[in-house]
Amino acid sequence: MGAEDGSKDKRVVLAYSGGLDTSVILKWLMEEKGMEVITLTADLGQPGDIEEIKEKALKTGAPEAVVVDAKDEFARDFLVPAIWANASYEDKYPLATALARPLIARLQVETARRVGAGWVAHGCTGKGNDQVRFEVAARALEPEIKIIAPMREWIMTRESEIEYAESHGIPVPITKASPYSVDENIWGRSCECGILEDPWEEPPEDAFDWTVSPMDAPDEPLYIQIDFEGGIPRVLDGEEMELAQLVTRLNAIAGKHAVGRIDMVEDRVVGIKSREIYEAPAAVAIIEAHRDLERLTLTAESLAFKKLLDQKFAELTYQGLWFSPLREAIDEFNRKIEEAVNGSVKMKLFKGGATVVGRSSPGSLYDVGLATYDKGDLFDHKSAAGFIKLWGLGLEVLSRGRKSEEKEGKK
Ligand code: ARG
């Protein structure tokens, strides 16, 4: 399979979910563009049987259907940096989809190199962030790669897609079409469209899938403990496990207590404000716990400075600039800083809340001898007076200057 026979120009790696859109695209690329389509499906913990998806791609005409269990890679290379950075776009969205896209793009580019494909394709529309993330990531990794986005060229209604699928022998899911557009991986679930497009409307219960309503959550709180090592959650309730597994486990536990529902209006890269519903029980609990442990173990200066980088990290991730030197440099900063973030966090899960109620660390900077108002106080109260004198000296000088100006003016 070399470029010599021109096959590279006709060979494309399609990011394939197995849904109606990407199935129709697979056929369309073959028929309308005369391309040979290799599909790439990454298992990031979304529902659906990956082997069935593979079968469907082969049946629809792909000569090769690549499937990758990428959950551990996702956790190691994307969730660890996100946890370090307490990643939340516009202070709310834990970035599940935004973190997954650069990984899928990387797998696509790797596959394209292996099979000798000159193109990558995706099923995103022209209005969203995902097209930006896929394409910027692919070109950052492989500047010569060519991109085809059929959904931007060929805008179809669901009805005409179904018609196209039926007339081309593509199996159409019999399940009643959901009124929502959903994307899922272990870090979270997003839900858009339908009634949710009215930002005044409270999301109906059927918009949620991972969490119960706080009204249906248990009346007894559940206490959990997360132990961190180097800023990474390693142990859940005494059991050590891989991060992907810990996240999956925690989604189930915290979802039962209605933790992780997010309703927000956010700013897309393409200039649109959109209303989004997210469910991210594990992400919300882990980031809350991690932030708390940082407060115990990092110095005041580190915390204040890191906050700026955390925000930048979230923006870069959301905006598709994952494979950028700035994002990588923030990672290296965090790698160093997070060496101190070790210890345990005790959380209470109760009717939608994930509240930190206790924390401890071998490297805790909290000194009870300094903090206490009871006996055993070691703080040097007398030296506070001298400190305050110098701390306020600049303002004192300023005030004195103003006073004498006033006097001058009155003369
Ligand atoms: N608004 C979110 C984001 O930009 C979710 C996108 C969901 N994508 C999708 N194809 N349904 O990350």
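A few points on the structure. (Residues numbered from 1 in each chain as written. Predicted model: local features only at pLDDT ≥ 70, side-chain atom pairs only at ≥ 80, totals over all residues. Heavy atoms only, no water.)

Some remarks on the layout of surface pockets
Next up, step 1: Roughly 450 Å³ of internal volume is contained in the second largest pocket.
Next up, step 2: What lines the second largest pocket is a set of 18 residues, among which Asp 91, Arg 291, Lys 307, Asp 310 and Gln 311 lie closest to the centre.
Next up, step 3: Listed by contribution, the elements that provide at least two residues to the lining of the second largest pocket are helix 10 (281–297) and helix 11 (300–318).
Next up, step 4: Top element by residues in the lining of the second largest pocket is helix 11. It accounts for eight residues. (1 Å grid on protein atoms, 1.4 Å probe; cavity = no way out; pocket = protein on both sides within 12 Å on 5 of 7 lines; lining within 4 Å. Points joined across faces, edges and corners; volume = space filled by probe spheres on them. Helix = DSSP H or I, 4+ residues; strand = E, 2+ residues; numbered from the N terminus.)

Concerning the pattern of salt bridges
Next up, step 1: Applying the stated criterion across every chain yields a total of 32 salt bridges.
Next up, step 2: In this structure, Glu 279 and Arg 189 form a salt bridge, with 2.9 Å as the shortest nitrogen-oxygen distance. Here Glu 279 is found in strand 12 (residues 273–279), whereas its partner Arg 189 is found in strand 7 (residues 188–192), with 90 residues between them in sequence.
Next up, step 3: Taking the relative accessible area as the measure of exposure, Glu 279 reaches 1% and is therefore buried.
Next up, step 4: Take Arg 189: its relative accessible area is 9%, and that puts it in the buried class.
Next up, step 5: A single network of salt bridges, built from pairs that share partners, joins Glu 73, Arg 76, Asp 77 and Arg 106. (Salt bridge = Lys/Arg side-chain N within 4 Å of Asp/Glu carboxyl O. Buried < 20%, exposed > 50% of the residue type's maximum accessible area, 1.4 Å probe, protein only.)

Side note on the site of the ligand
Next up, step 1: Taken together, the neighbourhood of the ligand is formed by 15 residues, with Tyr 93, Asn 129, Asp 130, Arg 133 and Glu 266 sitting nearest.
Next up, step 2: Here a nitrogen atom of the ligand and a side-chain polar atom of Asp 130 are 2.8 Å apart.
Next up, step 3: The side chain of Arg 133 places a nitrogen or oxygen atom 2.8 Å from an oxygen atom of the ligand.
Next up, step 4: Relative to its unbound accessible area of 340 Å², the ligand is 87% covered by the protein chains. (Near = heavy atom within 4 Å. Polar contact = N/O pair within 3.5 Å; in protein donor to acceptor, adjacent residues only side chain to side chain. Areas by Shrake-Rupley, 256 points an atom, 1.4 Å probe, with all protein chains shown as cover.)

As for helix 6 (residues 130–141)
Next up, step 1: Between its first and last C-alpha atoms helix 6 spans 17 Å; for twelve residues at 1.5 Å apiece the expected length is 16 Å, and the two agree.
Next up, step 2: Residues of helix 6 that are buried: Asp 130, Gln 131, Val 132, Arg 133, Phe 134, Glu 135, Ala 137 and Ala 138.
Next up, step 3: Buried residues along helix 6 sit against strand 1 (11–15), helix 5 (96–115), strand 4 (119–121), strand 5 (146–148), helix 7 (150–153) and helix 11. (Expected span 1.5 Å × (residues − 1). Contact = heavy atoms within 4.5 Å.)

What to know about a nonpolar patch on the surface
Next up, step 1: Residues Leu 370, Leu 378 and Phe 379 make up a contiguous nonpolar surface patch of roughly 330 Å² in combined accessible area.
Next up, step 2: Tracing the chain through its elements places Phe 379 in the loop between helix 13 (368–371) and helix 14 (381–391).
Next up, step 3: Since its relative accessible area comes to 43%, Phe 379 is described here as partly exposed. (Patch = residues over 30% accessible without salt bridge, like charges linked within 9 Å, V, L, I, M, F, W, Y side chains within 5 Å.)

A word on the sheet that holds strand 3 (residues 65–69)
Next up, step 1: Strand order in the open sheet formed by five strands is 3-2-1-4-5, and the pairing between neighbours is parallel. Two strands lie at the open edges of the sheet, namely strand 3 and strand 5, each paired on one side alone. The average undirected angle you get between the axes of adjacent strands in this sheet is 25°.
Next up, step 2: Relative to strand 4, strand 1 is paired through three bridges, and the arrangement is parallel. Residue pairing across strands places Leu 14 opposite Ala 121, the latter belonging to strand 4.
Next up, step 3: In this fold helix 2 (residues 20–31) packs onto strand 1, strand 2 (36–43), strand 4 and strand 5, with an angle of close to 170° to the strand it touches most, strand 1. (Pairing = 2+ DSSP bridges. Axes fitted to C-alpha atoms, helices over the stretch in contact; angles between N-to-C directions.)

Let's talk about the nonpolar core
Next up, step 1: Counting 82 residues, the largest nonpolar core has Phe 74, Trp 187 and Ile 286 as its most contacted members.
Next up, step 2: Looking at this core, the element that brings in the most residues is helix 5, giving eleven residues.
Next up, step 3: Those residues within four positions of Trp 187 in sequence are excluded, and the remaining contacts are Phe 74, Leu 79, Ile 83, Pro 94, Leu 95, Ala 96, Leu 99, Val 247, Ala 280, Ala 283, Ile 286 and Ile 287.
Next up, step 4: In terms of nonpolar packing, the next biggest core, distinct from the first, is built from 22 residues, Tyr 16, Ala 62, Ala 121 and Ile 148 among them. (Core = buried A, V, L, I, M, F, W, Y, C linked by side-chain atoms within 4.5 Å.)

Some remarks on empty space enclosed by the protein
Next up, step 1: This structure, assessed with the given rule, holds one cavity of 30 Å³ or more.
Next up, step 2: Size it by volume and the largest cavity reaches roughly 30 Å³.
Next up, step 3: What lines the largest cavity is simply Gln 108, Val 120, Ala 121, His 122, Phe 134, Glu 135, Ala 138 and Ile 147.
Next up, step 4: Of all the secondary-structure elements, those providing two or more residues to the lining of the largest cavity are strand 4 and helix 6.
Next up, step 5: With three residues, helix 6 is the largest single contributor of residues to the lining of the largest cavity.
Next up, step 6: Broken down by class, the residue content of the lining of the largest cavity amounts to five nonpolar, two polar and one charged. (Nonpolar A, V, L, I, M, F, W, Y, C, P; charged D, E, K, R; others polar.)

Things to note about the pairing of strand 13 (residues 343–350)
Next up, step 1: Of the strand pairs in this sheet, strand 8 (residues 222–229) and strand 13 are connected by seven bridges, and their pairing is antiparallel. Note on strand 13: the bridge partner recorded for Tyr 223 is Lys 348.
Next up, step 2: Sheet analysis places strand 13 next to strand 14 (residues 353–360), joined by seven bridges and oriented antiparallel. Considered in strand 14, the bridge of Val 345 is made with Arg 359.
Next up, step 3: As consecutive antiparallel partners, strand 13 and strand 14 are separated by two residues, and within that stretch Lys 351 has a phi angle of approximately 45°, a positive value.

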